[in-house]
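Here is how the chains run, residue by residue.
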Amino acid sequence: MTAHPQEDHYKYKKVISIGVVSELTGLSQRQIRYYEERKLVFPDRSKGIRKYSFADVEQLMKIANQREEGVSTWEIRQEMTKELRERMLKGQMNAHFRMRS
């Protein structure tokens, strides 16, 4: 995934350990690692230690809610991909029109 436009914003800094993420979300560490394997969340890794951002915590809570509603991880990933494409296209269109004016 590409970096968020406000990547220096605190919400996107990867500083939270998996243990704290587990406490904040109510998900087990195993569930969190599973969602990473399914490419639904993308922690940074340093010396084998996963670090998450507040945005990742929000994403995991959204995933947990969708899973409770019976949405498959494949469907969640498809929606994430669609949203990313739409954001990229919107950004490209905005850049195009800024350059023309």
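Residues numbered from 1 in each chain as written. Predicted model: local features only at pLDDT ≥ 70, side-chain atom pairs only at ≥ 80, totals over all residues. Heavy atoms only, no water.

By the naming in an unreviewed UniProt entry, the protein chain is HTH-type transcriptional regulator tnrA, taken from Geobacillus proteiniphilus.

Focus on the overall build of the protein chain
Within the protein chain, the secondary structure is distributed over 4 helices and 3 strands. Each helix and strand of the protein chain, placed in order from N terminus to C terminus, yields the pattern β-α-α-β-β-α-α. Within the protein chain, residue pairs in contact and separated by at least 24 positions form 62% of the contacts whose partners lie at least 6 positions apart. By element, 51% of the accessible surface of the protein chain is carried by carbon and sulfur atoms, the whole surface being about 7500 Å². (Helix = DSSP H or I, 4+ residues; strand = E, 2+ residues; numbered from the N terminus. Contact = heavy atoms within 4.5 Å. Areas by Shrake-Rupley, 256 points an atom, 1.4 Å probe, with all protein chains shown as cover.)

As for the pattern of salt bridges
Enumeration according to the criterion identifies 5 salt bridges in this entry. Among the salt bridges present, the one from lysine 11 reaches glutamate 58, with a minimum N-O distance of 2.9 Å. In this pair, lysine 11 is assigned in the segment before strand S1 (16-17) and glutamate 58 in helix H3 (residues 54-68), connecting sequence segments 47 residues apart. On the accessibility criterion, glutamate 58 (44% relative accessible area) is partly exposed. In this structure, the salt-bridge partner of arginine 50 is glutamate 36, at a minimum N-O distance of 2.5 Å. Placement of arginine 50 in strand S3 (residues 49-52) and of glutamate 36 in helix H2 (residues 29-37) is noted, with a sequence separation of 14 residues between them. (Salt bridge = Lys/Arg side-chain N within 4 Å of Asp/Glu carboxyl O. Buried < 20%, exposed > 50% of the residue type's maximum accessible area, 1.4 Å probe, protein only.)

So, unusual backbone geometry
In this model, lysine 39 sits at a positive phi of 60°, which is unusual for a non-glycine residue. Tracing the backbone shows lysine 39 in the loop between H2 and strand S2 (44-46). In this structure, lysine 47 is a non-glycine residue whose phi angle is positive, near 55°. You can call lysine 47 exposed: its relative accessible area is 84%.

Quick word on the nonpolar core
Judged by nonpolar contacts, the single largest core of 15 residues is most densely connected at Val21, Ile32, Tyr35, Tyr52 and Leu60. The greatest single-element share of this core, amounting to 4 residues, is contributed by H3. Here isoleucine 32 is in contact with Ile18, Val21, Ser22, Thr25, Leu27, Val41, Tyr52 and Leu60, once residues within four sequence places are set aside. (Core = buried A, V, L, I, M, F, W, Y, C linked by side-chain atoms within 4.5 Å.)

Notes on the side chain of glutamate 36
Assessed through its relative accessible area of 16%, glutamate 36 is described here as buried. A polar contact of 3.2 Å, which involves the side chain of glutamate 36, links it to the side chain of arginine 45. Here glutamate 36 is in contact with Val41, Pro43, Arg45, Arg50 and Tyr52, once residues within four sequence places are set aside. (Polar contact = N/O pair within 3.5 Å; in protein donor to acceptor, adjacent residues only side chain to side chain.)

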